[in-house]
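The residues making up each chain are set out below.
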Amino acid sequence: MSADEPDVLVVGAGVAGIAAARTLHARGLSCLVLEAKDRIGGRAYTDATGFDHGASWLHQANDNPLTGFAEALGFETVDHDKLRQRLLFTEGRFATTDERGAFAAAEDRFWRVIEAAAADGAPDRPASDAAPQGGRFDALVAHWEGAQICAAELSRMSLHDFAATALDGPNLLLRRGLGTLVSTLAEGLPIQLNAPVAQLDWGGSGVEASGAFGRIRARAAIITVSTGVLAQASIAFAPGLPAQTLDAIKALPLGLLTKLSFPVPPGTLPEFGPFASLRRDIAGPSDRPISWIARPFGAPVMLAFIGGSLAWELSRAGKHAAEAHARAEFAHVFGAEAAKALGVPIITDLGEDPQFLGSYSHAIPGAQAARRALAEPLADGRLIFAGETCHPRFAATVAGAWLSGEDAAHLILS
Ligand SMILES: Cc1cc2nc3c(=O)[nH]c(=O)nc-3n(C[C@H](O)[C@H](O)[C@H](O)COP(=O)(O)OP(=O)(O)OC[C@H]3O[C@@H](n4cnc5c(N)ncnc54)[C@H](O)[C@@H]3O)c2cc1C
């Protein structure tokens, strides 16, 4: 190895790549992060308007490794659960207090039943097989916990993985944006932007990444790109990856959550408090409602969230399809006149973005062991996969991505 070669190559400057690079750096190993895009942060990115394109909540904040950084760096946070007014639109009107109580009770029952089913010793099965059915709000709870939160329907998810990766509060939001925190944590790290890795050779004594940037050798590589990117084989691995790794990639697809931020002139929004959240009840067997958050941090915007199969269908139909759908939903609840106040939205749709090809991962039924299988180091630790997908507890989140990046670095350091 020549003197200017880094010890470790990290592919991807998202949360996992940044955590890996910080850990290596702190322990005196040199590394170089190669990032395909012209920016860092990956799926955790705040734009100049303050909009979080990907992640925005620090879920289960008391166990979340990023909470301590937010506090230490003086980032102002709010506990969303303490602030949010919860609105439910059902049968053409807003739900009564009793109906909202019944919905909350259905959510509690859902989790009791899911946890019991996951612990019953039976083989893995789709999470939908275990979910309660027949109660007034059961279909809405299943839609909410599946498509709208996990970005995939419960029928597509492993019951055991779904239960093992379930999240609790507190759910913190950062006024300056979660992506801003992530980019702050990357300051000073050796990151090369606009450097998509096209091929990764790992057959010799070290590794070699190549692409339009040239060829760079190192002792080991940590690969943090999404399973959407890996499944597409956008990076050619030489030799090819073992069957167990390929199977794990296939078993951990990404769901899709499309986010739209509609500006709304002050005074034209319905009278909601900041962070009010709105869900619409399911009107029939094929109905897939979207959800809304009003006026985050008091800003004159309405955020729309479209998850799961509906998000994929709209993504494939083009960005305007998601916007048109959200406008129609808004008009359905608040009336056509109110919907005219919605301005031109900022849209995050990673379904067709070649560097992600989806939002975050879930395990398919029967694949509850796939996350650990993907994280298993190859070639005596010369090649290690990391990222949200690889974390068996906090998968799909920035917490999982961060911890997985740290774990990968520790494997190299050990
Ligand atoms: C809409 C949305 C909402 C979300 N909400 C939340 C939330 O509220 N809370 C939460 O905790 N999580 C949330 N998430 C999930 C969270 O954003 C991700 O789990 C996390 O950011 C993933 O980080 P990562 O490092 O594993 O992967 P990534 O962020 O995907 O990082 C991988 C990096 O690799 C780069 N790359 C790809 N191909 C190549 C290549 N060939 N060569 C070099 N680089 C390459 C990519 O550009 C990217 O920067 C959300 C995600 C989305 C999309």
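Note that the structure is a prediction, hence the values are computed from the model and not measured. Just so you know, the residues in each chain are numbered from 1, in the order the chain's sequence is written. Residue-level local features of this predicted model are given only where pLDDT is at least 70; pairs of side-chain atoms are given and counted only at 80 or more, and the full residue set underlies all totals for whole chains, interfaces and linings. Note: side-chain values were computed over all heavy atoms of the structure, leaving out hydrogens and water.

Novice: Explain helix H1 (residues 15–26) here, please?
Specialist: At 3.6 residues per turn, the α-helix brings residues three or four places apart onto the same side. To qualify as a helix, a DSSP run of H or I must reach at least 4 residues; to qualify as a strand, a run of E must reach at least 2; elements of each kind are numbered from the N terminus. Helices are assigned an expected span. That span is 1.5 Å times one less than the residue count. With twelve residues, H1 should reach 16 Å at 1.5 Å per residue; the first-to-last C-alpha distance of 16 Å fits that figure. In terms of burial, H1 is largely enclosed, as nine of its twelve residues are buried. Residues of H1 that are buried: Val 15, Ala 16, Gly 17, Ile 18, Ala 19, Ala 20, Ala 21, Thr 23 and Leu 24. Close packing links the buried residues of H1 with strand E1 (8–11), strand E2 (31–34), helix H8 (178–185), strand E12 (220–223) and helix H15 (398–413). Looking one or two residues past H1, Gly 28 carries a phi angle of roughly 85°, positive in sign. When a residue's accessible area, from a 1.4 Å probe over protein chains only, is under 20% of the maximum for its type it is buried; when over 50% it is exposed; and in between it is partly exposed. The contact criterion used is simple: two residues touch if any of their non-hydrogen atoms lie within 4.5 Å.

Novice: Would you mind going over the pattern of salt bridges with me for this structure?
Specialist: Side-chain pairs of opposite charge can arise whenever the charged atoms involved come near each other. Salt bridges, as used here, are contacts in which a Lys or Arg side-chain nitrogen is within 4 Å of a carboxyl oxygen on Asp or Glu. Counting across every chain of the model gives 20 salt bridges. Of the charged contacts in the structure, one is a salt bridge between Lys 82 and Asp 79, with a shortest N-O distance of 3.8 Å. On the accessibility criterion, Lys 82 (72% relative accessible area) is exposed. Residues Arg 93 and Glu 99 are paired through a salt bridge, measuring 2.7 Å at the closest nitrogen-oxygen approach.

Novice: Is there a simple way to explain the packing of H1 against H15 in this structure?
Specialist: Any two packed helices are characterised by how steeply their axes cross, that is the angle between the axes, and by the distance between the axes. Simply put, an axis is a line fit to the C-alpha atoms, just over the touching stretch for a helix, and the angle between two N-to-C directions goes from 0 to 180 degrees. Interaxial distance between H1 and H15 falls to 7 Å at its minimum, and their mutual angle equals 35°. The way H1 lies across H15 gives a crossing that is right-handed. Here Val 15, Ala 16, Ile 18, Ala 19, Ala 20, Arg 22, Thr 23 and Leu 24 of H1 come into contact with H15, specifically with Val 398, Ala 401, Trp 402, Gly 405, Glu 406, Ala 409, His 410, Ile 412 and Leu 413. Should the near helix be turned anticlockwise from the far one by less than a right angle, the crossing is left-handed, and should it be turned clockwise, the crossing is right-handed.

All quantities given are derived from atomic positions and should not be read as evidence of function.
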